[in-house]
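Breakdown of the fold
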Number of protein chains: 2
Amino acid sequence: MTAGLDFENWTCPVPLRDTPTVVMGHGGGGAMSAELVEHLFLPAYGPAVQGDSAVVPVGAERIAFSTDSYVVKPMFFPGGSIGDLAVNGTVNDLAMSGATPLYLSVAFILQEGTPLAEIGRIAAAVGAAARAAGVRVVTGDTKVVDNGSGDGVYLNTAGVGLVAAGVDIGAHRAAAGDAVLISGDIGVHGVAVMSVREGLEFDTTVVSDSAPLHGLVAAMLGTGADIHTLRDPTRGGVAASLNEIARAGAVGVELAEPALPIPAAVADACSLLGLDPLQVANEGKLLAFVPSAEADTVLAAMRAHPHGAGARQIGTCVAEHPGMVVARTALGGTRVVNMPIGEQLPRIC
Amino acid sequence: MTAGLDFENWTCPVPLRDTPTVVMGHGGGGAMSAELVEHLFLPAYGPAVQGDSAVVPVGAERIAFSTDSYVVKPMFFPGGSIGDLAVNGTVNDLAMSGATPLYLSVAFILQEGTPLAEIGRIAAAVGAAARAAGVRVVTGDTKVVDNGSGDGVYLNTAGVGLVAAGVDIGAHRAAAGDAVLISGDIGVHGVAVMSVREGLEFDTTVVSDSAPLHGLVAAMLGTGADIHTLRDPTRGGVAASLNEIARAGAVGVELAEPALPIPAAVADACSLLGLDPLQVANEGKLLAFVPSAEADTVLAAMRAHPHGAGARQIGTCVAEHPGMVVARTALGGTRVVNMPIGEQLPRIC
């Protein structure tokens, strides 16, 4: 039992918005997810939890260690599947710590009655994505739940990477004066999944950006620039990632709204569905905070890499309004970019 | 795509018993689980997969890396819950490689509508079990699936441990002449879960043996004995573990049936339910293969440890009938102890 919280006789934790049960928003990667971690998981586990990816010592080395479960629906979508998403997602979490991803575990929870051919296609996608990323699947697990207690396939990956000596990348290092960079278009993965799930048709098919980003990170580190912070804006999108960094680094973020690379098809879909593109998940993009003086060097390295061809600066890190993200509009006004509360796109990854 | 298997156009892999869909037996830890790994996952992932726990180099160190998902039903049972099971299970997989467990990841898949108080109790159990085992939860993930697509809580843990120089423990080292030891009573966890699930009442309540075993392993290694093989007989029970070791080590195993420590309540429950105690899951026991000359030393160290008080020798490893496990009965006859095929106790862990 953890000091201060009596889980045995626990009814309704006040900070958790007075809901006594799990709601979809708890899985959205926004404020409700953060509250679940802060008020429920952290008091239970203790203070060692570091976030999406932990950097910890093992003997004489430092490793990055990360995990994610995947419940995306449908399991196959334009540009990918739950299989490559599960590989790339964990590879990217490791890469955002500046680690070289090395090993993956893959654990399936299968629903009774799922066609084995579907499992085969997903496993093939896992294998292909792992080979493409240069990581090895070394261990795994399979559980089966009865029909009615699952939904096809749930997949968990965990990953281990090696962090080179001297590498120190994290939200705590974000600093006023940093340029805020993004590696390419915003909102593509979420719209790709939603469009097939909702049967939407646009002039062009939106294809998921699911991709491994450690090669891009290596190219950025190769410039010798002092990269402060990296983050892949998945669930909760760019808005959630920037708000998390602003809070963790106690800095403000000011975005230049006209600079945000939002493809027309994403903008159209978001308009139709009432979504904010800044809150839509990406699975092959990264945000980087780098000292302004080094921004051009880093951007040049990013643009020379296939996964960073569309890289650009979208804002700056400021000393004003710490913990807050604002966007300066084309007309010169500013608006607050809030942390998403719950879940605008359930089961997007 | 993997050479020789065309998953895109894959219909029904012949070795997989001609079932075109997932059945409960694929999650049982027996022959059907092994076939899924051998014929579906390994061709997709490549040959790097090592099993329950992988030992791999990271820089100058060797780590053990393991994962398991937990879908036990009910989530709370006599002696434990899905929370401590998830910690102890991964701690034990690491310990069976001779590793010192260090770090855990914990990933929840929550069903919408599950009481937060239940999640709190499970998280508290995770935290308490981690503290008891001396491992740190350093990273995690939470996903939510809609009502009807889950079953309360599914939990995944992955773990990382440090393998000391010179330690080499594995099924490949099992050798004719080894004594086969067990740390205590057989079949307790499975019967504890089944009894509450099926509403069975016995004279005594059977309580799960869920426990972390790395301290026991450390005590065994502390004797200086050359421990060849360790295995925690979870899903599929002692029968599955011994068959796996016999195959991997190309040795035979001969059990002395009267020496098998099967508590009366377990025997009664198994008799009532038509189960073989040797196929029932354990969550706090280990099997050890050690050179016969060192068996007494290792047994003494085991018995001096709280989790090994009931340790005894149950058989020997022989050169005859490689890959096969037999039991010698009290009357002097022998019977084959088969690898379980499917799932006699679904969702036991």
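Being a predicted model, the structure only gives us computed values, none of them experimental. (Residues numbered from 1 in each chain as written. Chains lettered and ligands numbered in written order. Predicted model: local features only at pLDDT ≥ 70, side-chain atom pairs only at ≥ 80, totals over all residues. Heavy atoms only, no water.)

**Concerning the overall build of chain A**
- A count of helical and extended segments in chain A gives eight helices and 14 strands.
- For a compact globule of 349 residues, the expected C-alpha radius of gyration is about 20 Å, and chain A comes in at 20 Å, within 12% of that figure.
- For chain A, the spread of C-alpha atoms along the three principal axes comes to 55 × 55 × 50 Å.
- When burial is assessed residue by residue, chain A has 60% of its 349 residues classed as buried.
- Summarising the internal contacts of chain A: among those between residues at least 6 apart in sequence, 83% fall at separations of at least 24.
- For chain A, the exposed surface amounts to about 11,700 Å²; the carbon and sulfur share of it is 54%. (Helix = DSSP H or I, 4+ residues; strand = E, 2+ residues; numbered from the N terminus. Rg over C-alpha atoms; globule rule 2.2 N^0.38 Å. Buried < 20%, exposed > 50% of the residue type's maximum accessible area, 1.4 Å probe, protein only. Contact = heavy atoms within 4.5 Å. Areas by Shrake-Rupley, 256 points an atom, 1.4 Å probe, with all protein chains shown as cover.)

**Considerations on the UniProt feature "domain: PurM-like N-terminal" (unreviewed entry) in chain A**
- In the numbering used here, UniProt assigns the feature "domain: PurM-like N-terminal" (unreviewed entry) to residues 51-163 of chain A.
- This span, residues 51-163 of chain A, is 28% helix and 48% strand, and a straight line between its end C-alpha atoms measures 16 Å. (UniProt positions renumbered as here; feature names shortened; annotations may be inferred.)

**Some points on the relation of the copies chain A and chain B**
- Of the two same-sequence chains, chain A is brought onto chain B (RMSD 0.0 Å, axial shift 0.0 Å) by a rotation of 180°. The transformation relating the two chain copies, once decomposed into turn and shift, fits a two-fold axis. Ranked by how close their C-alpha atoms come to the rotation axis, the residues of chain A are headed by A:G150, at 2.4 Å.
- Looking at chain A, 100% of its interface residues are interface residues in chain B too, so the copies touch through the same face. (Least-squares fit on C-alpha atoms with pLDDT ≥ 70 in both.)

**Observations concerning the domain arrangement of chain A**
- Along its sequence, chain A is organised into domain 1 (1-49), domain 2 (51-163) and domain 3 (171-336).
- Relative placement of domain 1 of chain A and domain 3 of chain A: their C-alpha centres are 29 Å apart. (Domains from an automatic or database assignment.)

**What to know about the packing of aromatic side chains**
- Counting across every chain of the model gives six aromatic pairs over all chains.
- When the centroid spacing of 5.6 Å and the interplanar angle of 25° are considered together, the rings of B:F41 and B:Y45 count as stacked. Within this pair, B:F41 and its partner B:Y45 are both found in helix α1 (residues 31-45), separated by four residues, close to a single helical turn. The burial state of B:F41 is the same as that of B:Y45; both residues are buried.
- Counting every residue linked through ring pairs, the aromatic cluster contains A:F41, A:Y45 and B:F108.
- For the cation-ring pair, A:R121 lies above A:F76, with the distance from its terminal atom to the ring centre recorded as 4.0 Å. (Phe/Tyr/Trp six-rings, centres within 6.5 Å; stacked < 30°, edge-to-face > 60°. Lys NZ or Arg CZ within 6 Å of the ring centre and 35° of its normal.)

**What about the packing of helix α1 (residues 31-45) of chain A against helix α3 (residues 116-133) of chain B?**
- In contact at an axis separation of 7 Å, α1(A) and α3(B) are set at 35° when each is read in the N-to-C sense. Taken together, the residues of α3(B) that come into contact with α1(A) (itself represented by A:L36, A:L40, A:F41, A:A44 and A:Y45) are B:L116, B:I119, B:G120, B:A123, B:A124, B:V126, B:G127 and B:R131.
- Residue composition of the contact of α1(A) with α3(B), grouped by class: ten nonpolar, two polar and one charged. (Axes fitted to C-alpha atoms, helices over the stretch in contact; angles between N-to-C directions. Nonpolar A, V, L, I, M, F, W, Y, C, P; charged D, E, K, R; others polar.)

**So, the pattern of salt bridges**
Residue and element names in this part refer to chain A.
- Taken as a whole, this structure holds 22 salt bridges over all chains when the rule is applied.
- Linking E257 and R335 is a salt bridge whose minimum nitrogen-to-oxygen distance equals 2.7 Å. Remark: R335 occurs in strand β14 (residues 334-336) and E257 occurs in the loop between β10 (252-256) and α7 (264-273); sequence separation between them is 78 residues.
- With a relative accessible area of 26%, E257 lands in the partly exposed category. (Salt bridge = Lys/Arg side-chain N within 4 Å of Asp/Glu carboxyl O.)

**So, the confidence of the model for chain A**
Residue and element names in this part refer to chain A.
- Residues with a pLDDT of 70 or more make up 95% of chain A, whose mean pLDDT is 92.
- Every residue in residues 1-7 scores below 50 in pLDDT, and together they form 15 contacts with partners more than four places removed in sequence or on other chains.
- Taken together, the stretch residues 10-14 has pLDDT below 50 and engages in nine contacts with residues farther than four places along the chain or on a different chain. (pLDDT = per-residue confidence, 0-100.)

**Topic: the interface of chain A and chain B**
- With 89 residues of chain A at the interface, the matching set in chain B holds 89 residues.
- Taking both sides of the interface into account, the surface hidden between chain A and chain B amounts to around 7,400 Å²; carbon and sulfur atoms contribute 66%.
- Considering only the side of chain A, the residues that lose the most area to chain B are A:V22, A:Y45 and A:L116, jointly responsible for 11% of the buried surface there.
- Between the two partners, chain A and chain B, sit six salt bridges. (Buried area = accessible area lost by both parts, 1.4 Å probe.)

**Concerning the environment of B:V337**
Residues and elements named next belong to chain B.
- Mapping V337 onto the fold places it in the segment after β14 (334-336).
- Sequence-wise, V337 and R347 are ten residues apart; in three dimensions their C-alpha atoms are separated by 23 Å.
- Not counting chain neighbours up to four residues away, the residues in contact with V337 comprise A239, N243, L255, L278, V325, V326 and A327.

**Some points on the environment of A:G148**
- Tracing the sequence through the fold places A:G148 in the loop between β6 (136-145) and β7 (153-163).
- Along the primary structure A:G148 and A:G113 are separated by 35 residues, whereas in three dimensions their C-alpha atoms are 9.8 Å apart.
- Setting aside anything within four residues of it in sequence, one finds A:G148 in contact with A:Q111, B:G148 and B:G150.

**Looking at the sheet that holds β7(A)**
- Spatially, β1-β2-β7-β5-β6 (chain A) is the arrangement adopted by the five strands of the open sheet, whose pairing is mixed. Each having just a single partner strand, β1 (53-58) and β6 of chain A make up the two edges of the open sheet. The average angle at which neighbouring strand axes cross in this sheet is 20°, direction not considered.
- Summarising the sheet, strand β2 (residues 61-70) of chain A and β7(A) pair through nine bridges and their orientation is antiparallel. Counted as the bridge partner of A:I63 is A:L162 from β7(A).
- With respect to the sheet, helix α2 (residues 82-95) of chain A is in contact with β1, β2, β5 (99-111) and β7 of chain A, its orientation differing from that of β2(A) by roughly 145°.
- On the sheet, α1(B) packs against β5 and β6 of chain A and is oriented at approximately 145° with respect to β5(A). (Pairing = 2+ DSSP bridges.)

**Details of the pairing of strand β11 (residues 287-291) of chain B**
All names here are of chain B.
- Among the five residues that make up β11, five are buried, leaving the element largely enclosed by the rest of the structure.
- Pairing of strand β8 (residues 178-182) with β11 involves five bridges; the strand directions are antiparallel. Across the sheet, the residue bridging to D178 is P291, located in β11.
- Here strand β9 (residues 229-231) pairs with β11 via three bridges, running antiparallel. Counted as the bridge partner of R231 is L287 from β11.

**Section: α1(B)**
Residues and elements named next belong to chain B.
- Taking 1.5 Å of rise per residue, 15 residues should cover 21 Å, and α1 covers 20 Å from first to last C-alpha, within 8% of that figure.
- Along α1, the sharpest change in direction is near 30° and occurs at V37.
- The set of residues buried in α1 consists of A31, M32, S33, E35, L36, L40, F41, A44 and Y45.
- Count one or two residues on from α1 and you reach G46, which has phi positive near 100°. (Expected span 1.5 Å × (residues − 1). Bend = angle between axes of the 7 residues up to and from the residue.)

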